[in-house]
Amino acid sequence: MTYATDVYLGIDGGGTKCKARLEDAQGNLLAEAIAGPANAARNLTGSVKAVLEASEKAIAKANIKGLTLNQIHAGIGLAGINIPQVKQAFLKQSLPFASWHITTDLHIACLGAHLGQDGAIVIVGTGSSGVAIHNDQQFEMGGHGFVVGDKGSGAWLGKMAISHCLETLDGITPNNLLSKQVINLLDCDSAYDLVNLTLEAKPVLFASVAPLIFQLAANQQEDALLLVNQAATYINKICHRLLSGNLHRLSLIGGITQPLTPYLDSQLQAIIRPAQATPEQGAILYSKIKLAGSVLL
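Residues numbered from 1 in each chain as written. Predicted model: local features only at pLDDT ≥ 70, side-chain atom pairs only at ≥ 80, totals over all residues. Heavy atoms only, no water.

*Asks:* What am I meant to see in the state of the cysteines here?
*Replies:* Defined simply, a disulfide is a covalent bond joining two cysteines at their sulfur atoms. The tally for this structure, following the rule as stated, stands at zero disulfides. You can see Cys-188 has no disulfide; the closest cysteine sulfur is in Cys-165, sitting 8.9 Å from it. On the basis of relative accessibility, which here comes to 6%, the residue Cys-188 falls in the buried class. (Disulfide = S-S within 2.5 Å. Buried < 20%, exposed > 50% of the residue type's maximum accessible area, 1.4 Å probe, protein only.)

Next up, the structure:
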């Protein structure tokens, strides 16, 4: 029988969804659930709501008699918590758990990927960012958002491809297969159509173009290949920077990991390993670490 005091909750909250994982003390899965966006920097109140909604859904699915939030130890990893002011504001929130500890989504992803051991991860999905954990300290880089950061990501690739299309439509750059296929994919007929499409677009729209870019790059289309190599060059730099502290464990996480990896340098490809556990499992590990009184940030 599982008792309430044996139950742990791991939360992974980002810009598109908030995922909760409920486990017993032995790490057995009891239930999982998903709620809406939980980027604390964009919407603090909304992130709290998403955390609680995902948690309640997980409890309902677990169907353990008498189990409530105030009997559960929670580890919470959220996008936006890397900003000190945002973290301080979140720490002032009243959450009904037996205990709860907050950190970044990057941190819990790294803890999960390496099961709490020293190592580094780089996220290459819609956005891009990285973190290394070494000697109970963590070092984060990137994650500065789509407007001024996220270089090498799916959204960045899409943004650069659309900019390339505008140059071809303006006659600055010769028309080519990349621009033709991107314009066709986005169902646009003119530069005005493209610009109008992007005025209020979220990063996910730009990232939706990335698979096409990788497909064309694999077929040696020079404009697509140039963009992919630029993305790989930046991700190479992030990886080497994170590993500079004499680390030898590296995982890449995110939607464009698989197509981008062949363009990374051979030294990195040789040491990249799959994540050993999910970010939600990393969040539970973080909760246990903090309850044990570790100095790990």
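*Asks:* Help me understand the sheet that holds strand S7 (residues 128-134) in this model?
*Replies:* Overall, mixed pairing links the four strands, which are arranged S8-S7-S6-S9 in an open sheet. Single-partner strands in this sheet number two, and they are strand S8 (137-142) and strand S9 (250-253). The average angle at which neighbouring strand axes cross in this sheet is 15°, direction not considered. Across six bridges, the pairing between S7 and S8 is antiparallel. By the bridge assignment for S8, Val-131 is matched with Glu-140. Packing of helix H9 (residues 222-242) onto the sheet brings it into contact with strand S6 (119-124), S7, S8 and S9, and relative to S6 it is tilted by some 160°. (Pairing = 2+ DSSP bridges. Helix = DSSP H or I, 4+ residues; strand = E, 2+ residues; numbered from the N terminus. Axes fitted to C-alpha atoms, helices over the stretch in contact; angles between N-to-C directions. Contact = heavy atoms within 4.5 Å.)

*Asks:* Looking at this structure, how should I read the pattern of salt bridges?
*Replies:* Pairs can form between side chains of opposite charge once their charged atoms are near each other. All chains considered together, the criterion is met by five salt bridges. The shortest N-O distance in the salt bridge between Lys-19 and Glu-32 comes to 3.9 Å. On the criterion of sequence distance, the pair formed by Lys-19 in strand S2 (residues 18-23) and Glu-32 in strand S3 (residues 29-35) is long-range, its members being 13 residues apart. Taking the relative accessible area as the measure of exposure, Glu-32 reaches 27% and is therefore partly exposed. The closest approach of N and O atoms between Lys-19 and Glu-280, which form a salt bridge, is 3.8 Å. You can see Lys-19 sitting in strand S2 and its partner Glu-280 sitting in helix H12 (residues 279-291), a full 261 residues away along the chain. Looking at Lys-19, the relative accessible area reads 23%, which means it is partly exposed. One salt-bridge network, in which partners are shared between bridges, spans Lys-19, Arg-21, Glu-23, Glu-32 and Glu-280. (Salt bridge = Lys/Arg side-chain N within 4 Å of Asp/Glu carboxyl O.)

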